[in-house]
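# Fold and contact review
These are the residues of each chain, in order.
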Amino acid sequence: MVLDDFIDVRSLDDLSRHERLLVLYALGLVGIILFYTVVYNTGMRTLEGDSHSIFRSFQTVVETMTTTGYGADSPWSTPWMNLLVVTMQLSGIAIGFFTLRLLIIPLFERTTFDLGDRLTSKDDHVVICEYRQDSDILLDELERLGIDYVLIDSGEEEATRLSNDGYQAISGDPEESATLERAMIDDASLVITDAGDRNASIVLTTLDLNEDLRVVSLTESTKRRRALMEIGVDTIISPHTLIGRRLAHKATAAVSVPEGTSVGEDVEIRELLIRHGSPFHGVEVRETPFFERPNLTLVAGWFEGDLRLPPAPTDRLTRNTVLVVAGPEDAIDDVREEVSGVRSAREHTNVIVAGAGEGGQAAVDALPDDVTITTIDLEEGEAVDVVGDTSDPETLTAAGIEDATALIVTVDDDATALLTIALARERSREIEILARVTDDEKVRTAFKADADYVLSVQRATARLLAREIYGEDVVSPLSQIRLVRTDAAPFAGQSIEEANEGAETGWVVVGVEREGTLQTDETTRIDEEDDVLIAGTDAMIREFEGETTGS
């Protein structure tokens, strides 16, 4: 137990069971010493006829209880005083044993007590039954959002490591009621299962103990979705399928401009990819040239696979960030020159999908019908166009790597994925490479191999689960960004900047159309006679149109 453990403590509920026991132990010890001090001082004065200070009585009590001596007061002549001293001696020995067990031994052998003793009080928390991705990433995300949890890991060594690192983790079999009860399942509001074939058994056991639980299950195959739903699972997440879809949408996503909606001859809406060489990695949006230039409008941004529309000023750019920017063509080009490691993303028409498993098939299904798709896999199948190893140059050549505009890598092995990225880049400098890796630590390596866009199963799954628990409204990554022209009356008198300021609406005022010219400078004042150009997802645009028409 160290002082740092108590810095952020506001109540006993913030302490673990073991920490609460230590606090109560310390308070009890102080109480016993003070009690003995008062009784001893009173006895010496009334029974022994020796009146001395309370501090001398305190010293004698401590000496007696610690068996270090009895001071100058011994011997005592009355039976009651001798009985009191003997009681203090025995109390001191007993307290010494408790001190050894609760403080000294755990200090050197931290695993000698139940990991459950380290859990803080729980209410309305999340119980995570196994987690086969990367527990640290998920738990860090939950703690960042202030979500209370208990992780159950059947591996004692892993559970102990997590607990020693400060996470709320216990070891045990999540299929057993006793383990779930140690995780305070009765007080939980949600349970997450990631135990493969054991998911169903765990779900049934948890719902038997707490039928009001909301249940989220992770599964590698979508084939089990129906069975899990029938036994009470509320949300089913297939990480590989999810990421396959996101990569496909990222490869072909574009801003939909309805016919008749002019964006002006000199104005463009363009995706800009923050590549791994950019000095703006880790920088907040508000500190970038994209945000500072008044003639550019930041419409949307992809952050770790999530589409944010509009991005918050405090969102940090990563090597995976793709920003949708609207403004004059020369202004966008100036920003690209100012910020190294930025390139324009583009819509693709000829895509190679490396890996035809669950993720690869999800990517194929998500690609538009007008996109030419070539699939590669080690094994033959109806959906496989080229059979071979994706890390073999001849296989990539047979798939037409030189003519492809995008490569989506969804192979299961990270080493193969990294080699495929490197070989593809060697054969085509223009192709856009979008890849999936399992291990979050391999993301950096994939960028060094010159991938353009990388998602890790571990990181994407952790963020998705955290938002599912937190209830944060995240714009669907499959939402299409639309542009509509609408009447300016609701915004009359405001500047473009004021119309967008602090908006978390899911739509953005891109510019003002006045006398056939689109003005994107954020200082431009909006008149009633103007038209405004609004960008947003399909759902948000429909909601906006409903609000402005009063329907």
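Keep in mind that what you see is a predicted model, and the values were worked out from it rather than measured. (Residues numbered from 1 in each chain as written. Predicted model: local features only at pLDDT ≥ 70, side-chain atom pairs only at ≥ 80, totals over all residues. Heavy atoms only, no water.)

## Describing the overall build of the protein chain
- From N to C terminus, the protein chain includes 18 helices and 22 strands.
- Sorting the 551 residues of the protein chain into buried and exposed places 50% on the buried side.
- Here the contacts in the protein chain between residues at least 6 apart in sequence split such that 66% fall between residues at least 24 apart.
- As displayed, the protein chain has an accessible area near 26000 Å², and 49% of this comes from carbon and sulfur atoms. (Helix = DSSP H or I, 4+ residues; strand = E, 2+ residues; numbered from the N terminus. Buried < 20%, exposed > 50% of the residue type's maximum accessible area, 1.4 Å probe, protein only. Contact = heavy atoms within 4.5 Å. Areas by Shrake-Rupley, 256 points an atom, 1.4 Å probe, with all protein chains shown as cover.)

## Things to note about a negative patch on the surface
- On the surface, a cluster of negative charge is made up of Asp123, Asp124, Glu181, Asp186 and Asp187.
- Its relative accessible area of 58% is what places aspartate 123 among the exposed residues. (Patch = residues over 30% accessible without salt bridge, like charges linked within 9 Å, V, L, I, M, F, W, Y side chains within 5 Å. Salt bridge = Lys/Arg side-chain N within 4 Å of Asp/Glu carboxyl O. Lys, Arg positive; Asp, Glu negative; His and termini not counted. Charge placed at Lys NZ, Arg CZ, Asp CG, Glu CD.)

## Structural notes on the packing of helix α4 (residues 135-144) against helix α16 (residues 457-470)
- Put simply, α4 and α16 touch, their axes get as near as 9 Å, and they point 35 degrees apart. Once α4 is placed against α16, the crossing between them reads as right-handed. Contacts between α4 and α16 involve Ile137, Leu138, Glu141, Leu142 and Arg144 from the first element and Gln458, Arg459, Ala462, Arg463, Leu465, Ala466, Arg467 and Ile469 from the second.
- Looking at side-chain class alone, the contact of α4 with α16 contains 7 nonpolar, 1 polar and 5 charged residues. (Axes fitted to C-alpha atoms, helices over the stretch in contact; angles between N-to-C directions. Left-handed = near helix turned anticlockwise from the far one by under 90°. Nonpolar A, V, L, I, M, F, W, Y, C, P; charged D, E, K, R; others polar.)

## With respect to the packing of aromatic side chains
- If you walk through the whole model with that rule in mind, you get 1 aromatic pair.
- An angle of 45 degrees between the planes, with centres 6.0 Å apart, marks the rings of phenylalanine 35 and tyrosine 36 as tilted.
- In this structure tyrosine 36 comes out as buried when scored by relative accessible area, which is 9%. (Phe/Tyr/Trp six-rings, centres within 6.5 Å; stacked < 30°, edge-to-face > 60°.)

## Observations concerning the confidence of the model for the protein chain
- On average, the protein chain scores 79 in pLDDT, and the residues at 70 or more come to 81%.
- Below pLDDT 50 for its whole length, residues 1-7 participates in 6 contacts with residues either more than four positions away or in separate chains.
- Contacts from residues 473-478, a stretch scored under 50 in pLDDT, to residues over four places away or in other chains number 13 contacts. (pLDDT = per-residue confidence, 0-100.)

## Some remarks on a nonpolar patch on the surface
- Side chains of Val86, Leu90, Ile93 and Phe97 sit close together on the surface and give an oily, nonpolar patch of about 410 Å² of accessible area.
- Topologically, isoleucine 93 is positioned in helix α3 (residues 79-108).
- Overall, isoleucine 93 belongs to the partly exposed group, its relative accessible area being 45%.

## Looking at helix α7 (residues 199-209)
- All of the buried residues in α7 are Asn199, Ile202, Val203, Thr205, Thr206 and Leu207.
- Its buried side turned inward, α7 meets β1 (126-129), α6 (177-182), β4 (190-193), β5 (214-218) and α8 (225-230).

## Focus on the sheet that holds strand β3 (residues 169-171)
- Spatially, the 6 strands line up as an open sheet ordered β3-β2-β1-β4-β5-β6, and their pairing is parallel. Pairing within the sheet leaves two strands with one partner each, and these edge strands are β3 and β6 (235-237). Within this sheet the neighbouring strands show an average axis-to-axis angle of 20 degrees, counted without direction.
- With 4 bridges connecting them, β1 and β4 associate as parallel partners. Each bridged residue has a counterpart across the sheet, and for valine 126 the counterpart in β4 is leucine 190. (Pairing = 2+ DSSP bridges.)

## Side note on the pattern of salt bridges
- Evaluated as defined, the whole model comprises 20 salt bridges.
- Residue aspartate 173 pairs with arginine 198 through a salt bridge whose shortest N-O separation is 2.7 Å. Of the two residues, aspartate 173 is situated in the loop between β3 and α6 and arginine 198 in the loop between β4 and α7; the sequence distance between them amounts to 25 residues.
- Among the residues examined, arginine 198 registers a relative accessible area of 26% and is labelled partly exposed.
- Counted as one network, the salt bridges with shared partners bring together Glu130, Asp173, Glu175 and Arg198.

## Remarks on the pairing of β1
- The alternating pattern of β1 places Val126 and Ile128 and Val127 and Cys129 on opposite faces, both of which are buried.
- Sheet topology note: the β1/strand β2 (residues 149-153) ladder contains 4 bridges and is parallel. Residue pairing in the sheet places valine 127 in a bridge with valine 150 of β2.
- Read from β1 through α4 to β2, the crossover connection turns out right-handed. (Right-handed = clockwise from strand over helix to strand, strands pointing away.)

## Looking at the environment of leucine 228
- Mapping leucine 228 onto the fold places it in helix α8.
- Taking the relative accessible area as the measure of exposure, leucine 228 reaches 5% and is therefore buried.
- The spatial distance from the C-alpha of leucine 228 to the C-alpha of valine 216 is 9.8 Å, given a sequence separation of 12 residues.

## What about the nonpolar core?
- Residues Leu247, Val299, Val351, Ile408, Leu434, Tyr453 and Val510 are the most contacted members of the largest nonpolar core, which totals 32 residues.
- Counting residues per element, this core draws most heavily on helix α9 (residues 239-252), at 4 residues.
- When neighbours within four sequence positions are excluded, valine 299 is seen to be in contact with Leu309, Pro310, Pro311, Val324, Ala326, Val508, Val510 and Ala535.
- Listed in part, the 26 residues of the second largest apolar core include Ile352, Ile431, Ile433 and Ala449. (Core = buried A, V, L, I, M, F, W, Y, C linked by side-chain atoms within 4.5 Å.)

## Looking at the sheet that holds strand β17 (residues 432-437)
- With respect to topology, 6 strands assemble into an open sheet ordered β15-β14-β13-β16-β17-β18, the strand pairing being parallel. The sheet terminates laterally at β15 (386-387) and β18 (453-456), the two strands that pair on one side only.
- In this sheet, strand β14 (residues 372-377) lies alongside strand β13 (residues 350-354) in parallel orientation, the contact comprising 5 bridges. Within β14, the position partnered with isoleucine 352 by the bridge is threonine 374.
- Of the strands in this sheet, β17 and β18 touch α16, which is tilted by about 65 degrees from β18.

## Some words on helix α14 (residues 414-427)
- Under the 1.5 Å per step criterion, the end-to-end length of α14 is 20 Å for 14 residues, consistent within 8% with the ideal 20 Å.
- Of the residues making up α14, those classed as buried are Asp414, Ala417, Leu418, Thr420, Ile421, Leu423, Ala424 and Arg425.
- Each element contacted by the buried residues of α14 is listed here: α13 (393-398), β16 (406-409), β17 and α15 (442-448).
- For α14, the side-chain oxygen to backbone nitrogen distance between the N-cap and alanine 415 is 3.4 Å, and the N-cap itself is aspartate 413. (Expected span 1.5 Å × (residues − 1). Polar contact = N/O pair within 3.5 Å; in protein donor to acceptor, adjacent residues only side chain to side chain.)

## Brief notes about the pairing of β13
- Of all 5 residues in β13, 4 are buried, a share of seventy percent or more.
- Remark: the β13/helix α12 (residues 358-366)/β14 crossover connection has right-handed handedness.
- In the sheet, β13 pairs with β16 via 4 bridges, with the strands oriented parallel. Note that in β16 the partner of valine 353 across the bridge is isoleucine 408.

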